[in-house]
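# Structural description and commentary
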Amino acid sequence: MLWDASGSLRMYADDERTREVGQTQSTGEVSEQGRATGGGGDGGKGFDQGKSATAKRVPDSEPERRAQCAGADTSSSKKETNLQALSHRLKSGAYRAKPVRRVYIPKTDGRLRPLGVTALEDKIVQRATVEVMNAIYEADFLGFSYGFRPGRSQHNSLDAFYTGLLTKHVNWVLDLDIRGFFDAILHEWLVKFIEHRIADRRVVRLIQKWLNAGVLEDGKRTRMEEGTPQGGSASPLLANIYLHYVFDLWVQAWRQKRAHGDVIVVRYADDIVVGFQREADAKRFWAELTERFRKFRLELHPEKTRLLEFGPFAAANRKQRGEGKPETFDFLGFTHICGKKRSNGYFTVVRQTVRKRLQAKLNAVKTELKLRMHASIPHIGKWLRAVVGGHIRYYGVPMNAAALNLFRYRVGQLWYRTLLRRSQRSHLRRERMQRLIDHWLPPARVYHPFPLRRMGVIT
């Protein structure tokens, strides 16, 4: 049984408790995969253990040690009891989902992104359910869908689009942006899509309970008829299911029956880019997709959705028309630029860190350094090593070395200025600061191979 407390529920409960403890002990840094700043690093998790406020005190006497052991046994027994009760409620149908607490985090453009904080019980049930549903839908999802799928990552989707641009006849790129996608998912259609594949009414009712639980904001509970809160364990899979029926299957049929030239598609969650050989195909696709989305109350952002000339002939064509260099577009944190190889002058795609993401991460590092100003140098150094290392591991793609070196250099500057402000008397020489930077900050280097090489190995 899926809900056996001795099986999957216990495993997910332990995992969720570990994650919550990690969040409690962390110091607020944003991980590389996080969407708040797009920068790197997942450190700052109590490196200075000797001075950490959460460090455990060693018991001084035998009674204290016995009391600690008894407390641990009581906690384990209580957890087992709670899991057994949760399992019983799931089997009997008495389980009720709690409303999701809504919080907001800043986006790189200054706006706020709503996130949903799910109750621990609901997280455990959602993760166990998603594990089972993933095994079902992985057989149905199409190859150009990469977001939140087992064994797939952002770099897989970036490599796929890069390879398509260089190996297919692509002259136009349609950069799609769905306005408020997670808040616009219609519950009625989502349930129909799930029922189309899953016949077990218990699973369908369980998902309906999560959708109907509502949102808790400022102490007020609001019931929602559309949208899935970002941040829940089930939201990414539900969003993928929704777009699988609304977009993926439709675009697969469209490019086979309606297109007159090559068409490439890459989707990572709600971030979509489509490449076309013919401009007429691109414009017709844009118009028909708008109508398709309108049926499901989805809307393409009028300012962020763009059709641009991009490919091996874009530079020459625009120069002939007197329009300047080809336009660029952003996808998963990288600005894609039409370029040429130094070796033979052939067309290639240059990928560089999005400037707004880079600056946002530097601002976050600067703010955190002010809070850690009087911490020890090893404490700050270990945290910065994690931040810079995470940034370089994600953005370390070929032809992006300049942006990597810039990020590392700017972080070193911010650290130097912070150390100078700690005291008006002491003076930190640049030679010593350079030694600290070389010791703590990892060197900027390319971590990822050229996509054509990696895709050749994968396929």
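Residues numbered from 1 in each chain as written. Predicted model: local features only at pLDDT ≥ 70, side-chain atom pairs only at ≥ 80, totals over all residues. Heavy atoms only, no water.

## Focus: helix H14 (residues 430–440)
Buried within H14 we find Met433, Leu436, Ile437 and Trp440. Angular distribution of buried residues about the axis of H14 spans 100°; they occupy a single face of the element. Exposed and facing more than 90 degrees away from the buried side of H14 are Arg435 and His439. At its buried positions, H14 is contacted by helix H12 (377–395) and helix H13 (401–420). (Buried < 20%, exposed > 50% of the residue type's maximum accessible area, 1.4 Å probe, protein only. Helix = DSSP H or I, 4+ residues; strand = E, 2+ residues; numbered from the N terminus. Arc of directions from axis to C-beta. Contact = heavy atoms within 4.5 Å.)

## Notes on the pattern of salt bridges
Between side chains of opposite charge, a pair can form when the charged atoms approach closely. Following the criterion strictly, the structure yields 22 salt bridges and no others. The partner of Arg267 in a salt bridge is Asp248, and the shortest N-O contact between them spans 2.8 Å. Pair noted here: Arg267 is in strand S6 (residues 263–268) and Asp248 is in helix H8 (residues 235–257), with a separation of 19 residues, a long-range link. You can call Arg267 buried: its relative accessible area is 0%. Since its relative accessible area comes to 0%, Asp248 is described here as buried. Salt bridges linked by common partners bring Glu309, Arg318, Arg321 and Glu323 together as one network. (Salt bridge = Lys/Arg side-chain N within 4 Å of Asp/Glu carboxyl O.)

## Things to note about the sheet that holds strand S11 (residues 347–353)
For sheets, the rule is that strands pair by backbone hydrogen bonds, running either parallel or antiparallel. Sheet architecture is open: three strands sit in the order S9-S10-S11, paired in antiparallel fashion. Two strands lie at the open edges of the sheet, namely strand S9 (329–331) and S11, each paired on one side alone. With strand direction ignored, the average angle separating the axes of adjacent strands in the sheet is 40°. As judged from the seven bridges shared by strand S10 (residues 334–340) and S11, these two strands associate in the antiparallel manner. (Pairing = 2+ DSSP bridges. Axes fitted to C-alpha atoms, helices over the stretch in contact; angles between N-to-C directions.)

## Concerning the sheet that holds strand S2 (residues 112–117)
As summarised here, the arrangement of the four strands in space is S2-S1-S4-S5, forming an open sheet in which the pairing is mixed. The sheet is open, and its two edges are formed by S2 and strand S5 (220–222), each paired on a single side. Averaged over all pairs of adjacent strands, the angle between their axes in this sheet comes to 40°, without regard to strand direction. Pairing geometry for strand S1 (residues 100–106) and strand S4 (residues 215–217), over two bridges, is parallel. Bridged to Arg101 within S4 is Leu216.

Function cannot be inferred from these measures alone, as they are strictly geometric.
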